Amino acid sequence: MSRINVPSVKVIHYADPFCPWSLASEPALRRIKEVYQDRIALEYRMGGAVEEITRWMGEMGLDHEKAIELHRSIIQHTKMPFDVSFITKTRLKSSYPACRAVKAAQLKNEEKGVLYLRRLMDHVLVKAQELTDDAFTKIAKEVGLSSTLVSDMNSAKVKNEFEKDLKAMREDGADFVCAIVVNAQGEKAIVEHAFDSRSLEETIERMVPGLPKYAPCEISEYFEKHKGELIPAREIAVVYGIT
């Protein structure tokens, strides 16, 4: 009988395809998946950053120029590039449909759901392109998902799963910048900056002492594994520990 590897630790990140902090956390999250492999379970939950853009900008005290300033400061802080004008260029009204699309993808296939999330982030944050129904469907097909995703994302089941994520985020006291590390005993630790790979790894090692680490795959293999994605230099530097 073959041995089934059970992950020793789970890392939870509350994300949103329209959230720059989610994109900024990708290099560190991908690094831990490379170095801990099947000893770690990486779970993306949808946090719904923007229910309605006008209200959100008012609550944040932002206008167009201040939003650009905020996004520039995120790039300066995280070194992860994206289009600082994505809000206007994508005609963002609400990020909730994109979150539901990711939940629909995850319900079909968890791994493809993760790929779908990253492709959506590339589409809206880096390319700064509008997310139309055609775009949702095209990106779904690119990662091997069904073309019915647009109808699925509006189903009662998907909406319910999204609401569960929103509730869990509130209960965890989490935000889009952090990650939550959970060991096999159910003990939790919050890493304030999910984009900080060193803090993330140190927390994992403290929660699960002696957890084996491996070298990341060859860089050429990494690009092949993530073919079709936009892989910035920052991601390679973090995943491979290049200073």
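Preceding block: the structure.
What counts, and at which threshold
- Residues numbered from 1 in each chain as written.
- Predicted model: local features only at pLDDT ≥ 70, side-chain atom pairs only at ≥ 80, totals over all residues.
- Heavy atoms only, no water.
- Buried < 20%, exposed > 50% of the residue type's maximum accessible area, 1.4 Å probe, protein only.
- Helix = DSSP H or I, 4+ residues; strand = E, 2+ residues; numbered from the N terminus.
- Arc of directions from axis to C-beta.
- Contact = heavy atoms within 4.5 Å.
- Polar contact = N/O pair within 3.5 Å; in protein donor to acceptor, adjacent residues only side chain to side chain.
- Pairing = 2+ DSSP bridges.
- Expected span 1.5 Å × (residues − 1).
- Core = buried A, V, L, I, M, F, W, Y, C linked by side-chain atoms within 4.5 Å.

Asker: So what exactly am I meant to see when it comes to helix α10 (residues 197–207) here?
Answerer: Owing to its 3.6 residues per turn, the α-helix aligns residues three or four sequence positions apart on the same side. Those residues of α10 that sit buried are Ser197, Leu200, Glu201, Thr203, Ile204 and Met207. Taken around the axis of α10, the buried residues stretch over an arc of 160°, which confines them to a single face. Counted as exposed and oriented over 90 degrees from the buried face of α10: Arg198 and Arg206. Check the buried side of α10 and you find it contacts β1 (9–15), α1 (20–36), β2 (40–46), β3 (179–183), β4 (188–191) and α12 (233–239). If you check the start of α10, you find a side-chain oxygen 3.2 Å away from the backbone N of Arg198, and it comes from Asp196.

Asker: In this structure, what is going on with the pairing of β3? I would like to understand it.
Answerer: Two faces, one strand: in a regular strand the side chains alternate between the faces of the sheet. The buried fraction of β3 is high, at five of five residues. Every second residue of β3 is oriented toward a common face, with Ala179, Val181 and Asn183 on one face and Ile180 and Val182 on the other, all of them buried. Here β1 pairs with β3 via four bridges, running antiparallel. Counterpart to Val11 in the pairing with β3 is Val181. In this structure, β3 lies alongside β4, joined through four bridges in antiparallel fashion. Paired with Val182 across the two strands is Lys188, which belongs to β4. The hairpin formed by β3 and β4 contains four residues between the paired strands, and Gly186 there has a positive phi angle of roughly 85°.

Asker: Hey, could you run me through helix α6 (residues 110–126) in this one?
Answerer: Along its 17 residues, α6 runs 23 Å from first to last C-alpha, staying within 8% of the 24 Å computed at 1.5 Å per residue. For α6, the complete set of buried residues consists of Gly113, Tyr116, Leu117, Arg118, Arg119, Leu120, Met121, Asp122, His123, Val124 and Leu125. Between a side-chain oxygen at the N-terminus of α6 and the backbone nitrogen of Glu111 the separation is 3.1 Å; the capping residue is Asn109. At the exit of α6 stands Ala128, carrying a positive phi of roughly 55°.

Asker: Can you help me understand the nonpolar core in this one?
Answerer: Within soluble globular proteins, side chains that are nonpolar tend to cluster in buried spots. Membership of the largest hydrophobic core comes to 66 residues, with the highest contact counts inside it found for Val11, Tyr116, Leu131, Phe136, Leu149, Leu200 and Ile204. Tyr116 has contacts with Ala101, Val102, Ala105, Phe136, Ile139, Ala140, Val143, Leu145 and Leu149, leaving out every residue within four places of it along the chain. With 10 residues, the next largest nonpolar core counts Met169, Ala174, Phe176 and Ile180 among its residues.

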